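The chain contents come next:
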Amino acid sequence: AMMPMGTVYADKDGIATDRLISYYEARAKGGIGLIINEYTGVDDVDSIPTTRNLRASRHYHVAGLERLVEAVHKYDCLIFAQLHHGGATSKPALTGRQSLSASNVPAAPGAPEPRPMTVEEIKAVEKKFIDAAVRCKMAGYDGVELHGAHSYLLAEFFSPYFNKRTDEYGGSAENRARFALEIIDGIRK
């Protein structure tokens, strides 16, 4: 299995390019049985961690993702998309907006302070994850992985360091996992 590694080979709108597709196709041709492709953005409004990152946030991304899946499947290789939201690690310089997070704890010392999400925003981002998973299914992916590491949004909700919420999304481990579990339930449905 090939673990996800960012290539920054998508175009400026997050669409899979020929270069990105060739990169993954070469690995499938080399004999890998499963590729989990690089972090794939679910939100192109509040989550832009870098320029040229792959995305499944809009319907127009499906055609490029479908080309990627077909190139990998030619070699009997499975492919999963790693669905991602940057949360506090998103770059306000790229979005023009204050980053979203579970709380107002910066992703790193000296990093910009994020804005705690409202419950309505949490529900909206859950839907973005679910919609991105549906787009991946439309493109022919074999599965999705939720990116819950590296201080990205899901990890921010899991972590008692980043998550200072006092509502149903904070406090206990069960509450801190609620965001991710609601996303998983929505994807399954």
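Whatever comes next refers back to the structure up there.
This is a predicted model, so every value here is computed, not measured.

**Considering the overall build of the protein chain**
At step 1: Looking only at helices and strands, the protein chain features 6 helices and 5 strands.
At step 2: Starting at the N terminus and walking to the C terminus, you meet the elements of the protein chain as α-β-α-β-α-β-β-α-β-α-α.
At step 3: The C-alpha radius of gyration computed for the protein chain amounts to 16 Å, which stays within 12% of the reference 16 Å derived for 189 residues, consistent with globular compactness.
At step 4: Overall, the C-alpha framework of the protein chain stretches about 50 × 35 × 25 Å when taken along its three principal axes.

**Here we look at helix α4 (residues 119–139)**
At step 1: With 21 residues, α4 extends 30 Å from end C-alpha to end C-alpha; this agrees with the ideal 30 Å at 1.5 Å per step.
At step 2: If you check which residues of α4 are buried, you get Ile122, Val125, Glu126, Phe129, Ala132, Ala133, Arg135, Cys136 and Ala139.
At step 3: Packed against the buried residues of α4 are α2 (62–73), β2 (78–84), β5 (143–146), α5 (153–158) and α6 (173–188).
At step 4: Once α4 ends, the next one or two residues include Gly140, with phi positive near 100°.

**Observations regarding the nonpolar core**
At step 1: Leu68, Tyr141 and Phe179 are the most contacted members of the largest nonpolar core, which totals 40 residues.
At step 2: Top element by residues in this core is α4. It accounts for 7 residues.
At step 3: Filtering out sequence-adjacent residues up to four positions away, Tyr141 remains in contact with Asn37, Leu65, Leu68, Val69, Ile79, Phe80, Ala81 and Cys136.

**A short note on the sheet that holds β5**
At step 1: Pairing is parallel in the open sheet, where 3 strands are placed in the order β1-β2-β5. Each edge of the open sheet carries a strand with a single partner, namely β1 (34–41) and β5. Strand-to-strand twist of the sheet, defined as the mean angle between neighbouring strand axes without regard to direction, takes the value 30°.
At step 2: Here 4 bridges tie β2 to β5, and the two strands are oriented parallel to one another. Bridging from a neighbouring strand, Gln82 pairs with Glu145 of β5.

**Focus on the side chain of Asp46**
At step 1: When you line up the elements, Asp46 lands in the loop between β1 and α2.
At step 2: Overall, Asp46 belongs to the buried group, its relative accessible area being 10%.
At step 3: At 2.5 Å, the side chain of Asp46 and the side chain of Arg97 are in polar contact.
At step 4: Residues in contact with Asp46, not counting those within four places in the same chain, are His85, Ser90, Thr95, Arg97 and Leu100.

**Focus: the packing of helix α1 (residues 18–29) against α2**
At step 1: The interhelical angle for the contact between α1 and α2, taken along N-to-C directions, is 20°, at an axis separation of 8 Å. When the axes of α1 and α2 are compared, the pair comes out roughly parallel. For the element pair α1 and α2, the recorded crossing hand is right-handed. For the pair α1 and α2, contact is made by Asp18, Leu20, Ile21, Tyr24, Glu25 and Ala28 and by Gly64, Arg67, Leu68, Ala71 and Val72, respectively.
At step 2: Here the contact of α1 with α2 is composed, by residue class, of 7 nonpolar, 1 polar and 3 charged.

Parameters at a glance
Residues numbered from 1 in each chain as written. Predicted model: local features only at pLDDT ≥ 70, side-chain atom pairs only at ≥ 80, totals over all residues. Heavy atoms only, no water. Helix = DSSP H or I, 4+ residues; strand = E, 2+ residues; numbered from the N terminus. Rg over C-alpha atoms; globule rule 2.2 N^0.38 Å. Expected span 1.5 Å × (residues − 1). Buried < 20%, exposed > 50% of the residue type's maximum accessible area, 1.4 Å probe, protein only. Contact = heavy atoms within 4.5 Å. Core = buried A, V, L, I, M, F, W, Y, C linked by side-chain atoms within 4.5 Å. Pairing = 2+ DSSP bridges. Axes fitted to C-alpha atoms, helices over the stretch in contact; angles between N-to-C directions. Polar contact = N/O pair within 3.5 Å; in protein donor to acceptor, adjacent residues only side chain to side chain. Parallel < 35°, antiparallel > 145°, perpendicular 65-115°, else oblique. Left-handed = near helix turned anticlockwise from the far one by under 90°. Nonpolar A, V, L, I, M, F, W, Y, C, P; charged D, E, K, R; others polar.

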